[in-house]
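# Observations on the model geometry
One-letter residues, chain by chain:
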Amino acid sequence: MEEPPDVIITPCDPWPRPYYLEGGLRRVAPYHYTYNTWCKQRWRGREILEIFADEFRDRPIEYYTNAVKTGAVLINGKPATGADHRVKNGDLVSHTLHRHEPPVTQQEIGIVHEDEDMIVINKPAGIPVHPSGRYNYNSVTEVMRAERGHGFNPMPCNRLDRLTSGVMFIAKHRKAADDLTEQIMARTVKKEYVARVMGEFPEGEIVCEQPIMQISPKLGLNRVRADGKDARTVFKRLAYYPGAGDEGTEKGVVTPGMEWKQKEGYSIVRCRPLTGRTHQLRVHLQFLGHPISNDPIYANQRVWGLNLGKGESEADNDEDIMSRLARMGKDETADAVAYHDEMMDRYKKSKGEKLTGEKCELCGTDLYSDPGPHELGIYLHARKYAAGDGRWSYETELPEWALPPAGYSGPTESTEESDPLAIDLSKLGLAAEGTETK
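Residues numbered from 1 in each chain as written. Predicted model: local features only at pLDDT ≥ 70, side-chain atom pairs only at ≥ 80, totals over all residues. Heavy atoms only, no water.

### A few points about the sheet that holds strand 7 (residues 104–105)
Pairing within the open sheet is antiparallel, and its three strands lie in the order 1-2-7. In the strand order of this sheet, the two ends are held by strand 1 (19–22) and strand 7, each with one partner. Here strand 2 (residues 25–28) pairs with strand 7 via two bridges, running antiparallel. Along strand 7, the bridge assignment pairs leucine 25 with threonine 105. (Pairing = 2+ DSSP bridges. Helix = DSSP H or I, 4+ residues; strand = E, 2+ residues; numbered from the N terminus.)

As structure tokens, this is what we get:
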């Protein structure tokens, strides 16, 4: 076998990480970074500029044209011969760029429990678990590495969406990660989430067993479908605050698409998912007519209309829904697009509300304004994880948005009466975690 080619510019790895805190946000000072990627099968025989234009759309074609021209794009350690340089099997493509990461919340990663095997954390909303897309050092694993030393290798055992907060397990070594992952995969772990939803959620045990199908991976859209994957959730209301409105507003300005019920009030709902489908709680709550009140996809009236998709399970309007959701990437940058990494190519090209009009003096990249509070997370929190055999249990306090609003009285902690984990599932005709429905 031939030795792999040398790379002239190695991947930069600044240490300590270039973090700084400002305006309630954790920021990363722009830094140079080199991506090294072996030729993928679909790249073979294609021109280098065409590959960058199709595969790396976070920057305009003019940027990549200049990057090839100035030698910032290398093939096997040597500058590409031009925009028409054809890539072949075995080639190593390197690209050095000035990386600008979006800021995330300044809130610390809370420690719920720690021992020699595992760290149980309280993940803040708005920060991804792993480096992905535009996020690298502003991720849970990299923030923890920065706090504990370059040699620390955090191993997440469960995954929460970037927008979701709550209990996560970070293993310190492979055996601990495998042991917990096995329990989670066997579905013997009980989970409880807390959500803040629109309107007056009904009392009692509310069961939703609607199957869920992925409609559009690119748009992050899932919907109830009869031929979707099995999905079951048990809900119990913790509190209802009539007429309290909702903080889909910022300083009195209503978030676009969420004008619908500023006076109706909202409910705090405890959720026990018995399956683990993507967006399961968000989709089931929408189907029941009580979507998470600041959910950029499932609670947006401009996408779903006046009924916000309540009770819908047919495919008749899928194309219209996807069209309206995609159009938001061009017309409503400050709304749903900022929440979804899958849509960032549309977001970058929109030249809309987020652009400041300024450019980076070093690389010419268009600069964007800071995300608002409503763009840093949704009202969904993983409050508790517990072993089915009772060996362990970890939980957090209620998040601030689940506490009684000013001028109202209500529960400030979870109550035994509203505990979904205490429900006897057999009395509801449901199978417990780790068993199959008969």
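### Digging into unusual backbone geometry
With an omega dihedral of 0 degrees, the bond running from tryptophan 15 to proline 16 counts as a cis peptide bond. Counting through the fold element by element, proline 16 comes out in the segment before strand 1. Of note in the backbone geometry, asparagine 76 takes a positive phi value of approximately 55 degrees without being a glycine. Among the secondary structure elements, asparagine 76 is positioned in the loop between strand 4 (73–75) and strand 5 (78–79). If you check the backbone angles, leucine 308 has positive phi at about 55 degrees while not being a glycine.

### Focus: the confidence of the model for the chain
A low pLDDT score tells you not to read the predicted coordinates there in detail. Here the chain averages 85 in pLDDT, while 85% of its residues score no lower than 70. Segment residues 247–261: pLDDT under 50, and 35 contacts once partners within four positions in sequence are set aside and those in other chains are kept. This model gives residues 329–353 a pLDDT under 50, and the stretch forms 70 contacts once residues within four places in sequence are excluded. (pLDDT = per-residue confidence, 0-100. Contact = heavy atoms within 4.5 Å.)

### Describing the environment of arginine 223
Checked against the element boundaries, arginine 223 lands in strand 15 (residues 221–224). Counting along the chain gives 89 residues from arginine 223 to glutamate 312, while the straight-line C-alpha distance between them is 8.4 Å. Once residues within four sequence positions are removed from consideration, arginine 223 is found in contact with Pro211, Ile212, Met213, Ile215, Val283, Trp304, Glu312, Glu314, Asn317, Asp318 and Ile321. Of the polar contacts made by the side chain of arginine 223, one reaches the side chain of glutamate 312; its length is 2.6 Å. Separated by 2.9 Å, the side chains of arginine 223 and asparagine 317 make a polar contact. (Polar contact = N/O pair within 3.5 Å; in protein donor to acceptor, adjacent residues only side chain to side chain.)

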